[in-house]
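Observations on the three-dimensional arrangement
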Amino acid sequence: MGEEELAVEFGTVAEWTADAVDELGPEYAIVAGCRGSGDPALLDWLAKACGIGPGTSFVDVGAGVGGASAWAAQTYGVRPVLVDPMDEACRSVRRMFELPAVCAAGERLPFVDDQFDVVWCVGVLCTVHEKSVLLRELRRVLRPGGSLGMMVLVAEPSRHSDVPHGNEFPREDELVGLIDDAGFVLRELVEAPIDNVPTEWTQQAEHVDELLEKLHGSDERWLAAQEQAKKMSHLLSTRQVTRRLVHAVKSVGAVS
């Protein structure tokens, strides 16, 4: 994906999303911030697997506009730090949730070694070319025995449709190998639930989409972002790509 396309999908639309929440009300913030990245059942699985709570030192890498972390903060009392490479996304996090957001690439995190108890990386790995570099960096900032929670979009053998720009979906066996090579011990790898999203959550997401369409529907940048979303939706609905939930822990020994 070119820089301009990245700026639209993860930058411009992020600020538009924050604008929509300003208009609809703060009760829409978490749902709006999770568009395309998660839902309560998925996030609850990650939170319980990683054992997060009020005293957990927690960073969300590739956090976008922060819906997943804001949900964790509201539900489990954790105080997260969010990281995203897009300035617009970080500004939107601060506007929508008043959470700390650091503008940085996941492959070069501005934190010391062994700093966090838990790292989340939700829907990010497939957008990164140097996946092993990202995973090793996530491991570096985790304390020994700390938990990594991820949602990863995985390619199924039947995949044949167009892939959205900037996405490289690993197969499940490739994902397992990447996790092991990066110095993690895989604890759980399961397919994400897809059929128990609350009705209120779905309705709020639809209201956000309707407002964004109303405000920006004729904008070429919105049309490009929607084309990306349409391709992804088709891959998921036809199960050419499926969502995997990962819980792994940082191994104690050095990585070769």
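This one's a predicted model, so the numbers in the text were calculated from it and none came from an experiment.

Our next topic: helix 6 (residues 131–141). Taken together, the buried positions of helix 6 are occupied by Lys131, Leu134, Leu135, Glu137, Leu138, Arg139 and Val141. The elements touched by buried residues of helix 6 are strand 1 (57–61), strand 4 (116–122), strand 5 (142–155), helix 7 (172–181), strand 6 (184–191) and strand 7 (241–250).

On to the environment of leucine 153. Mapped onto the elements, leucine 153 comes out in strand 5. For leucine 153, a relative accessible area of 8% gives the class buried. For the pair leucine 153 and leucine 236, spaced 83 residues apart in sequence, the C-alpha separation works out to 9.0 Å. With residues near it in sequence (within four places) discarded, leucine 153 still touches Cys126, Phe169, Pro170, Met232, Leu236, Val241, Thr242 and Arg243.

With that settled, the discussion passes to the side chain of aspartate 60. Counting through the fold element by element, aspartate 60 comes out in strand 1. Despite its burial, aspartate 60 pairs with no opposite charge, the nearest such side chain being arginine 79 at 13 Å. For aspartate 60, the side chain forms a polar contact with the side chain of serine 69, separated by 2.7 Å.

Another point: the sheet that holds strand 5. A sheet is described by the order of its strands in space; here seven strands give the open sequence 3-2-1-4-5-7-6, paired in mixed fashion. Edge positions in the open sheet fall to strand 3 (101–103) and strand 6, since each of these has one partner strand only. For this sheet, the mean inter-axis angle between neighbouring strands, taken without regard to orientation, is 20 degrees. Note: strand 2 (residues 79–84) against strand 3, three bridges, orientation parallel. When the bridges of strand 3 are listed, aspartate 84 appears paired with cysteine 103. The sheet strands contacting helix 3 (residues 40–50) are strand 4, strand 5, strand 6 and strand 7, and the helix crosses strand 7 at an angle near 15 degrees.

Across the interface, helix 3 lies against helix 4 (residues 67–76) with an axial gap of 10 Å and an inter-helix angle of 65 degrees. By the criterion of interaxial angle, the relationship of helix 3 to helix 4 is roughly perpendicular. Classified by chirality, the crossing of helix 4 by helix 3 is right-handed. Between helix 3 and helix 4, the contacting residues are Pro40, Leu43, Asp44, Ala47 and Lys48 on the first element and Ala68, Trp71 and Tyr76 on the second. For the contact of helix 3 with helix 4, the class distribution of residues is six nonpolar, no polar and two charged.

Rules behind the numbers
- Residues numbered from 1 in each chain as written.
- Predicted model: local features only at pLDDT ≥ 70, side-chain atom pairs only at ≥ 80, totals over all residues.
- Heavy atoms only, no water.
- Buried < 20%, exposed > 50% of the residue type's maximum accessible area, 1.4 Å probe, protein only.
- Helix = DSSP H or I, 4+ residues; strand = E, 2+ residues; numbered from the N terminus.
- Contact = heavy atoms within 4.5 Å.
- Lys, Arg positive; Asp, Glu negative; His and termini not counted.
- Salt bridge = Lys/Arg side-chain N within 4 Å of Asp/Glu carboxyl O.
- Polar contact = N/O pair within 3.5 Å; in protein donor to acceptor, adjacent residues only side chain to side chain.
- Pairing = 2+ DSSP bridges.
- Axes fitted to C-alpha atoms, helices over the stretch in contact; angles between N-to-C directions.
- Parallel < 35°, antiparallel > 145°, perpendicular 65-115°, else oblique.
- Left-handed = near helix turned anticlockwise from the far one by under 90°.
- Nonpolar A, V, L, I, M, F, W, Y, C, P; charged D, E, K, R; others polar.

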